[in-house]
Amino acid sequence: HAKRMGRGNYQFFTPEMNAAASARLALEKALRRALDQREFELHYQPKVDVKSGQVLGMEALLRWRHPERGLVPPAEFIPLAEEIGLIGPIGAWVLETACRQNRDWQQQGLPKLRVAVNLSAVQFRQQNLPEFVAGVLKDVGLDASCLELEVTESVVMHNAKEAAQILEKLHAQGIHISIDDFGTGYSSLSYLKQFRLDTLKIDRSFVRDISSDADDAAIVRSVIALAHSLRLGVIAEGVETSEQLAFLESLDCDEYQGYLRSKPLSVPDFEAFLRDAIGAEAAV
Ligand code: C2E
Ligand code: MG
Ligand code: MG
Ligand code: MG
């Protein structure tokens, strides 16, 4: 295409490329503004005990309420935020907001639950993460045991030695650590014993066809056995049907998360959900 325009007249950007570049630039500008304009919000999805159905905690999931585009899911802006160095301030906002919200719920007399926050690779590598998290917990006034951090396998596998030290410092404070999307990253299992971990989160992709696909069932069964023999808890993500839940119960999975019980909910909706769940638990 560029060649046809003749020597000395190279066109490096096609109109399509120009459009994509300016769309990206617009997104970048909007994202930089979003923190100041308070356009981010956290939604919360319950983590549930498989056997009793009791709510044990919740995962904070980031949303961007864009003035024109509406609610934007994290997959559409977190990669860009990482690229342009905005994940630091956004991640700090997420951590503080989730901890403050959890403290507020406890002060309102709701049961003491653990809130889980996702950490990106960039955040995990930031200087003084353990000290930063400790500072947030202290400022907010939340027990370390009421915070859980979710990191993926690739995050801890990249420079495993340094990661082990970071996890050790977080663990020493009483913070829970989960490996998110377990089974989709590095398949080396040796890291499991060198890291201070509490829970493996089985990726949704293995859960989806668990009751019909023998291979997925075998993988999930193995992960649960592995977790338990290492004295780790295990939670399944993306549980949408009662068949999946029954299957997980038969495999002795500890906890689950998924649309079957609840989608991620806005703050008022999660509060209503919690009060409802407590009422139901009290009635049993
Ligand atoms: P994740 O941590 O593995 O979160 C689980 C994702 O699965 C969430 O998508 C959740 O809404 C979705 N999900 C939960 N239950 C079901 C279900 O039953 N069926 C289906 N189909 N999906 C279900 P979401 O909220 O779009 O988040 C996507 C990813 O973005 C997260 O994956 C996490 O890696 C990342 N993320 C979310 N919030 C944050 C954040 O505050 N910081 C960072 N660094 N990453 C975040
Ligand atoms: Mg997660
Ligand atoms: Mg996950
Ligand atoms: Mg996932």
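Note on numbering: residues in each chain are counted from 1, in written sequence order. Here the convention is simple: chains get letters from A, ligands get numbers from 1, in the order in which they are written. It should be noted that, the model being predicted, local features are given only for residues of pLDDT at least 70 and side-chain atom pairs only at 80 or more, the latter also being counted only at that level, while totals for whole chains, interfaces and linings use all residues. Computation of side-chain values covers all heavy atoms of the structure but excludes hydrogens and water.

- Identification of the chain as EAL domain-containing protein from Noviherbaspirillum pedocola is taken from an unreviewed UniProt entry.

Structural notes on the coordination of the magnesium ion (ligand 2)
At step 1: As a rule, N, O and S atoms within 2.8 Å of a metal are its donors, except that Na, K and Ca use 3.2 Å; water is not among the atoms, so sites may look incomplete. For the magnesium ion (ligand 2), the full set of protein donor atoms is Glu59 (OE), Asn118 (OD1), Glu150 (OE) and Asp180 (OD), at a range of 2.0 to 2.2 Å.
At step 2: Read in sequence order, the donor residues coordinating the magnesium ion (ligand 2) give the pattern E-x58-N-x31-E-x29-D.
At step 3: In this structure, the magnesium ion (ligand 2) is positioned 3.8 Å from the magnesium ion (ligand 3), and both are ligated by aspartate 180. In this pair, asparagine 118 is assigned in strand S4 (residues 114-118) and aspartate 180 in strand S6 (residues 176-182), connecting sequence segments 62 residues apart.
At step 4: Think of it in three bands: residues with accessible area under 20% of the maximum for their type are buried, residues over 50% are exposed, and the middle band is partly exposed, with areas taken using a 1.4 Å probe on protein chains only. Exposure remark for asparagine 118: the relative accessible area of 27% places this residue in the partly exposed category.
At step 5: Judged by its relative accessible area of 7%, aspartate 180 is buried. A run of H or I in DSSP becomes a helix once it reaches four residues, and a run of E becomes a strand once it reaches two; helices and strands are each numbered from the N terminus.

Description of the nonpolar core
At step 1: What we call a nonpolar core is a set of buried Ala, Val, Leu, Ile, Met, Phe, Trp, Tyr and Cys residues that are connected through their side-chain atoms within 4.5 Å. Core analysis: the biggest nonpolar cluster contains 84 residues, and Phe124 and Leu147 have the highest contact counts within it.
At step 2: Ranked by residues supplied to this core, first place goes to helix H3 (residues 87-107) with seven residues.
At step 3: We call two residues contacting when some pair of their heavy atoms lies within 4.5 Å. Not counting residues within four places of it along the chain, the set of residues in contact with leucine 147 comprises Leu95, Cys99, Arg114, Val115, Val117, Val133, Leu137, Ile175 and His176.

Let's talk about the layout of surface pockets
At step 1: In this analysis the probe radius is 1.4 Å and the grid spacing 1 Å, with only protein atoms considered; a cavity is a set of points the probe fits into but cannot get out of, a pocket is an open set with protein on both sides within 12 Å along at least five of seven lines, and lining residues have an atom within 4 Å of a point. Grid points are joined across faces, edges and corners, and a volume is the space filled by probe spheres set on the points. Here the largest pocket is characterised by a volume of approximately 1,000 Å³.
At step 2: Lining the largest pocket we find 39 residues, and of these Glu59, Leu61, Pro74, Asn118 and Asp180 sit closest to its centre.
At step 3: If you list the elements that add at least two residues to the lining of the largest pocket, you get strand S2 (55-66), helix H2 (78-83), H3, S4, strand S5 (147-152), S6 and helix H9 (204-207).
At step 4: For the lining of the largest pocket, the element with the highest residue contribution is S2, accounting for five residues.
At step 5: Three residue categories are used. Nonpolar comprises Ala, Val, Leu, Ile, Met, Phe, Trp, Tyr, Cys and Pro, charged comprises Asp, Glu, Lys and Arg, and polar comprises the others, including Gly. The residue makeup of the lining of the largest pocket, split by class, is 16 nonpolar, 11 polar and 12 charged.
At step 6: What the second largest pocket holds in volume is close to 170 Å³.
At step 7: Along the walls of the second largest pocket sit Phe124, Arg125, Gln126, Gln127, Asn128, Leu129, Pro130, Glu131, Glu162, Gln165, Ile166 and Lys169, which together make up its complete lining.
At step 8: Of all the secondary-structure elements, those providing two or more residues to the lining of the second largest pocket are helix H4 (121-125), helix H5 (129-140) and helix H7 (160-172).
At step 9: Top contributing element to the lining of the second largest pocket by residue count: H7, with four residues.

What to know about the site of ligand 1
At step 1: If even one non-hydrogen atom of a residue comes within 4 Å of a molecule or strand, that residue is called near it. Around ligand 1, the surrounding shell holds 23 residues, and the nearest of these are Arg63, Asp180, Arg204, Glu240 and Tyr259.
At step 2: Throughout this description, a polar contact denotes any pair of N or O atoms lying within 3.5 Å of each other; where both atoms belong to protein, one of them has to be capable of donating a hydrogen while the other can accept it, and for residues adjacent in sequence the pair is counted only when both atoms sit in side chains. Interatomic distance of 3.1 Å between a backbone N/O atom of leucine 62 and a nitrogen atom of ligand 1.
At step 3: At 2.9 Å from an oxygen atom of ligand 1 is found a side-chain nitrogen or oxygen belonging to asparagine 118.
At step 4: Burial of ligand 1 by the protein amounts to 82% of the accessible area it has alone, namely 800 Å².
At step 5: What decides whether a molecule sits in a cavity or pocket is whether more than half of its atoms lie within 2 Å of the grid points. Judged by its atoms lying within 2 Å of the grid points, ligand 1 is housed in the largest pocket.
At step 6: Only S2 and S6 provide two or more residues apiece to the shell around ligand 1. Using a 1.4 Å probe, the Shrake-Rupley method yields the accessible areas, and only the shown protein chains count as cover for residues.

Considerations on the side chain of lysine 47
At step 1: As for its position among the elements, lysine 47 is in strand S1 (residues 40-49).
At step 2: Overall, lysine 47 belongs to the buried group, its relative accessible area being 3%.
At step 3: Here the side chain of lysine 47 touches glutamate 150 through a polar contact of 2.7 Å, side chain to side chain.

Some details on the coordination of the magnesium ion (ligand 3)
At step 1: Distances from the magnesium ion (ligand 3) to its protein donors, Asp180 (OD), Asp181 (OD) and Glu237 (OE), fall at 2.0 to 2.5 Å.
At step 2: Read in sequence order, the donor residues for the magnesium ion (ligand 3) give the motif D-D-x55-E.
At step 3: In this structure aspartate 181 comes out as partly exposed when scored by relative accessible area, which is 23%.

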